[in-house]
Amino acid sequence: MLFNSYPFILLFLPAVLAGYFCLGRRSNLAPVIWLALASLAFYAIGNWEFVALLLTSIAFNYGVGHLLIVAKLGAAQRKSALALGVVGDLLVLGIFKYAGFATENVDALLGTDFAIHVLLPVGISFYTFTQIAFLVDAWRGQVAAYALPPYALFVTYFPHLIAGPILHHKDMIPQFERQETKRPYAHLILCGIIIFAIGLFKKTCLADGIQPLVALAFEARSPSFDQAWLGALAYTFRLYFDFSGYSDMAIGISLMFGIFLPVNFNSPYKAISIVDFWRRWHMTLSQFLRDYLYITLGGNRRGRVLRYVNLMITMLLGGLWHGAAWTFVVWGALHGAYLCINHAFNALVPDVPAIFARPARIAGAVLTFIAVVVAWVFFRAESVSWALRVLCAMADPSNIVFGREEIAGLVLVVIYAALVWLAPNTQDIMGYDHGNRTVGETLREGRLRPLLLYAGSLVLAFGILGIQSHSEFIYFRF
């Protein structure tokens, strides 16, 4: 089911909210079970064939976690239990996500015909990573014993299940267990609706609105210089508003239930370096890769060379996490190389003189944005050769068309660029503070109430009117 669909907005969400708060009057556990069942129903609509796999994954990881938390195991047994859990998760992920890719490459190398095609379960990357983090923390002794219903809800919670953010048990399960979240709170519901409306507008009007322009670069056999740049920039902005819109909608929906989700998106194109970019883009994935992969590999504790090796490995695997294709491998390798260069530069030039600070920030922002656009070409292209074709066109200013369609496209790209760089982001507008569990304090104080409500209503109206019959979020297939 899509957040940007009439059945979800007009039927599913109101029904689940009503049931949640009705049950919350009588019990603290019943709303948790209700929300977990509603999340399973949300997943089953369109993905019913993978519900059994999701439930098996929850049972398996909860069982292994229970062994690590409660059972009196020796050190060797605890390591074996952790290995069993992590290897089991990765094995399932590998079969469903990478078996087809692996056999295709074997066929290409050996000239055989063993390629298999496996349907990818929606959300498998997100709920697998979420549970691996849970197992590792349980092995480290950092997890309390949780009952099955809040654990199941932590994994299946529908605002995050399909496309993130990647949740952490320490953040979410205590919120599910609090009695206060089971009572309707008008302020949080109002803030949730406004944030949801902003996200819906970003998706249906901005992301879907610029989508046709992407074809200039990625569907033309020989794009010109201006077409290649316009198409690459259009995809850059489309991905931005698609992912930002989803992140806002997830936070807004969750707020209506009184639950604060982590911020996953913080104006990444305003980044002044690639390190800064990864602190702003898909923030929960960056934290997961840092805490459970980069640091586990040794991080920066074993010298500069190994630090760069660890960065490359982390970003290569991060690229593969997005999809089983060589284009994602190249995208990950590019970002790994960018990060290595960024860290090496910081080591060589630790301090910029004050007089050059502002020009350096501007130059860093421009360079970072261009590097990100180049990498997105691989992320979007059907193949590496197709991506190279687009990049070659972007590097050949002698081939320019600049007709009526290109001029209209340029105007659109300039408008989107102004929105990205000049407009505040949603958490700034709404004062969303995940750590302190506060939102909309200026709205509560009444200082912005009429203006914000009118603007929110207008944005919601445009967002609903812009809904298309079936427009998936880009991150649904990762």
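In this report, we go over the structure that sits alongside the text.

Some words on the layout of surface pockets
Right, on to step 1. In this structure, the largest pocket spans a volume of roughly 660 Å³.
Right, on to step 2. Lining of the largest pocket is provided by 20 residues; of these, Ile272, Ser273, Asn342, Phe345 and Gly364 occupy positions nearest its centre.
Right, on to step 3. Only α14 (326-348) and α15 (357-380) provide two or more residues apiece to the lining of the largest pocket.
Right, on to step 4. When residues in the lining of the largest pocket are grouped by element, the largest group, eight residues, is from α15.
Right, on to step 5. Of the residues that constitute the lining of the largest pocket, the class distribution is 13 nonpolar, five polar and two charged.

With respect to the pattern of salt bridges
Right, on to step 1. Going through the model one piece at a time under the given rule, you end up with nine salt bridges.
Right, on to step 2. Across the pair Arg140 and Asp137 runs a salt bridge whose closest N-O atoms are separated by 3.6 Å.
Right, on to step 3. Classification of Arg140 by relative accessible area gives partly exposed; the value is 37%.
Right, on to step 4. What makes Asp137 buried here is its relative accessible area of 2%.
Right, on to step 5. Arg437 is paired through a salt bridge with Asp171; the nearest N and O atoms lie 2.8 Å apart. Of the two residues, Arg437 sits in the loop between α18 (426-430) and α19 (441-444) while Asp171 sits in helix α8 (residues 169-177), which places them 266 residues apart along the sequence.
Right, on to step 6. For Arg437, a relative accessible area of 31% gives the class partly exposed.
Right, on to step 7. Residue classification places Asp171 among the buried residues on the basis of a relative accessible area of 14%.
Right, on to step 8. Here the residues in one salt-bridge network are Lys203, Asp208 and Asp242, joined through shared partners.

Thoughts on helix α12 (residues 283-297)
Right, on to step 1. Between its terminal C-alpha atoms α12 stretches 20 Å, which fits the 21 Å expected from 15 residues at 1.5 Å a residue.
Right, on to step 2. The sharpest bend along α12 measures roughly 35° and falls at Arg290.
Right, on to step 3. Among the residues of α12, Met283, Thr284, Leu285, Ser286, Phe288, Leu289, Tyr292, Leu293 and Tyr294 are the ones counted as buried.
Right, on to step 4. Next to the buried residues of α12 lie α5 (124-139), α11 (274-278) and α13 (304-322).
Right, on to step 5. Backbone geometry just downstream of α12 places Gly298 in the positive-phi region, at approximately 125°.

So, how was this worked out
Residues numbered from 1 in each chain as written. Predicted model: local features only at pLDDT ≥ 70, side-chain atom pairs only at ≥ 80, totals over all residues. Heavy atoms only, no water. 1 Å grid on protein atoms, 1.4 Å probe; cavity = no way out; pocket = protein on both sides within 12 Å on 5 of 7 lines; lining within 4 Å. Points joined across faces, edges and corners; volume = space filled by probe spheres on them. Helix = DSSP H or I, 4+ residues; strand = E, 2+ residues; numbered from the N terminus. Nonpolar A, V, L, I, M, F, W, Y, C, P; charged D, E, K, R; others polar. Salt bridge = Lys/Arg side-chain N within 4 Å of Asp/Glu carboxyl O. Buried < 20%, exposed > 50% of the residue type's maximum accessible area, 1.4 Å probe, protein only. Expected span 1.5 Å × (residues − 1). Bend = angle between axes of the 7 residues up to and from the residue. Contact = heavy atoms within 4.5 Å.

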